[in-house]
2 protein chains.
Amino acid sequence: MTGNPQMHKLSHSEIKAQRKTIDEAISSARTPIYGFLENVRSLYNVGSIFRTSDAALVSGLYLTGFTPYPPRPEISKTALGAVESVPWHYNRKSIDAVAEIKEKGIRFIVLEQTKESVPVWDLSQDIFPACIAVGNEIGGITKEIVEAADLAVEIPMLGVKHSLNVAVAYGIAIYRLFEIFSKSGPQHKP
Amino acid sequence: MTGNPQMHKLSHSEIKAQRKTIDEAISSARTPIYGFLENVRSLYNVGSIFRTSDAALVSGLYLTGFTPYPPRPEISKTALGAVESVPWHYNRKSIDAVAEIKEKGIRFIVLEQTKESVPVWDLSQDIFPACIAVGNEIGGITKEIVEAADLAVEIPMLGVKHSLNVAVAYGIAIYRLFEIFSKSGPQHKP
């Protein structure tokens, strides 16, 4: 079997040396990307979404409806420290958070299968600042919030189920936006 | 607040009409993408990875080392039916599965931070057929398997932790490959 003898896995200390500290992360110029969770039920999904949001250095995470919010030990355990580094905000009324986002001039995009949804990979560099919303594990985003959106995007799917875990779907969408942003200028090339 | 009154969320029955049946999925021409899990510990991560693998219609999923494999109720519950639609194979010895993959002419790619890793979004259309490997939740892929790889890719990260949940990372990488493949020809445009 041929392999690659030069392939050298980074050690934990080498990876740690590349990381920002929490103070650096909070004060860093962040990406013009926001996350929005409407009625996400699982503490573990919320924790995982905090971790993804830290990795993409999103500007903020809106938690709304019955989505659980920090401090909760299960969120912190899954988020591995990202609860401290990602700015977040809780609104019980999801529609109020949407209004706040739009008033700031941020595009409000739902990740949902609608008749008008475009593939997330078709978004372009003029989309920013942009907020990606995901919804409940079973029901998705409510009709009220879908109708308030500027745009709907979807993750193309083949296969039997046409559904992804909400934290996985959030990761795919946020990272596609992060890639588009990273390629749009020199300022955030990781 | 301005919204989009035309935005029409698809109902469960409308989404269901677009899905393949299990028989259709198994007999479909699948994408030339494979997944590989080395020593993934969590049953829920394995279940979520089956679900993602179904959505991207991967050709196969290699489960190796101490990665749990079906039938396990926790995997099936999280996979939501994808255990039946995704071809999978278990090898206790991870390196034997790598040998089998290479003998089939499939490129073996590890998702791991190494000194030689390239961003997953820099892969091109000549990469297929390709297998993406992810490793244990804490330790990642073992040195032996990293050294046996044809290529290492990484998901660029900013932020404090430089780490993602393994099922999220798998989703981001598989979907980036799925996008590259979908754009390479008409045959699988979802």
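Above this text is the structure in question.
Rules behind the numbers
Residue positions within a chain follow its written sequence, with the count starting from 1. The lettering of chains begins at A and the numbering of ligands begins at 1, in the order of writing. Under the rules for a predicted model, residues below a pLDDT of 70 receive no local features and side-chain atom pairs below 80 are neither given nor counted, while totals for whole chains, interfaces and linings still include all residues. Under the definition applied here, buried Ala, Val, Leu, Ile, Met, Phe, Trp, Tyr and Cys residues are grouped into a nonpolar core through C-beta atoms within 7 Å. Counting other C-beta atoms within 10 Å of each residue's C-beta, where C-beta atoms are placed from the backbone, gives the exposure class: buried for 20 or more, exposed for 12 or fewer, partly exposed between. Contact between two residues is assigned whenever their backbone-derived C-beta positions fall within 7 Å. Labels follow the DSSP assignment, with helices taken as runs of H or I lasting at least four residues and strands as runs of E lasting at least two, numbered in each case from the N terminus. We call Asp, Glu, Lys and Arg charged. Ala, Val, Leu, Ile, Met, Phe, Trp, Tyr, Cys and Pro are nonpolar, and the rest, Gly among them, are polar. What a helix should span is 1.5 Å times the count of its residues minus one. Interaxial angles span 0 to 180 degrees and are taken between N-to-C directions of axes, which are lines fitted to C-alpha atoms, for helices over the stretch in contact. What sets the label is the angle itself: under 35 degrees gives roughly parallel, over 145 gives roughly antiparallel, 65 to 115 gives roughly perpendicular, and the rest give oblique. Each crossing gets its handedness from the near helix: less than a right angle anticlockwise from the far helix is left-handed, clockwise is right-handed. Whether two strands pair depends on DSSP finding at least two bridges between them. For this quantity, the arc is that covered by the directions from the helix axis to the C-beta atoms.

A. Geometry of the nonpolar core. Membership of the largest hydrophobic core comes to 124 residues, with the highest contact counts inside it found for Ala133 and Ala173 of chain A together with Ala133 and Ala173 of chain B. Contacts of Ala133 of chain B, omitting those with residues within four sequence positions, involve Phe36, Glu38, Phe108, Ile109, Val110, Leu111, Ile141 and Ile145 of chain B.

B. Region of the structure containing the interface of chain A and chain B. Listed as interface residues are 62 residues of chain A and, on the opposing side, 62 residues of chain B. Contributing elements (two or more residues each) for the side of chain A that touches chain B: helix 1 (12-18), helix 2 (22-27), helix 3 (43-55), helix 5 (82-85), helix 6 (94-103), helix 7 (143-147) and helix 8 (166-182) of chain A. Broken down by element, the residue count for the side of chain A that touches chain B peaks at seven residues, all from helix 8 of chain A. Among the residues making up the side of chain A that touches chain B, the classes are represented as 30 nonpolar, 18 polar and 14 charged.

C. How the structure looks around helix 8 (residues 166-182) of chain B. Taking 1.5 Å of rise per residue, 17 residues should cover 24 Å, and helix 8 of chain B covers 24 Å from first to last C-alpha, within 8% of that figure. Burial analysis of helix 8 of chain B places 17 of its 17 residues in the buried class, which makes it a mostly covered element.

D. Broad picture of the environment of Asp23 of chain A. Looking at the element boundaries, Asp23 of chain A is found in helix 2. Sequence separation of Asp23 of chain A and Glu84 of chain A is 61 residues, and the distance between their C-alpha atoms is 9.5 Å.

E. The packing of helix 3 of chain A against helix 8 of chain A, seen in detail. Residue and element names in this part refer to chain A. Interaxial distance between helix 3 and helix 8 falls to 9 Å at its minimum, and their mutual angle equals 15 degrees. Classified by the angle between their axes, helix 3 and helix 8 sit roughly parallel to one another. For the pair helix 3 and helix 8, the crossing hand works out as right-handed. Here helix 3 contributes Asn45, Ser48, Ile49 and Thr52 to the contact with helix 8, which in turn contributes Val166, Ala167, Tyr170, Gly171 and Ile174. Per-class residue counts for the contact of helix 3 with helix 8 are five nonpolar, four polar and no charged.

F. The sheet that holds strand 4 (residues 107-111) of chain B, seen in detail. Residue and element names in this part refer to chain B. An order of 3-2-1-6-4-7-5 is seen for the seven strands of this open sheet, with the pairing classed as parallel. Every other strand in the sheet has two partners, leaving strand 3 (88-91) and strand 5 (118-119) as the edge strands with one partner each. Two strands pair when backbone bridges link them, and strand 1 (residues 31-38) and strand 2 (residues 58-64) are joined in this way by six bridges, in the parallel orientation. When the bridges of strand 2 are listed, Gly35 appears paired with Leu61. Lying on the sheet, helix 6 (residues 94-103) is in contact with strand 1, strand 2, strand 3, strand 4 and strand 6 (130-134); it crosses strand 2 at an angle near 155 degrees. Its contacts with the sheet put helix 8 on strand 1, strand 2, strand 4, strand 6 and strand 7 (151-154), and the angle it makes with strand 1 is roughly 165 degrees.

G. Region of the structure containing helix 6 of chain A. Residue and element names in this part refer to chain A. The complete set of buried residues in helix 6 reads Ser94, Ala97, Val98 and Ile101. Along the axis of helix 6, the buried residues cluster in a sector spanning 105 degrees; they form a single face. Of the exposed residues in helix 6, the ones pointing more than 90 degrees away from its buried face are Asp96 and Glu103. The inward-facing, buried residues of helix 6 abut strand 1 (31-38), strand 2 (58-64), strand 3 (88-91), strand 4 (107-111), strand 6 (130-134) and helix 7.

Limitation: the analysis is restricted to geometry and does not speak to function.
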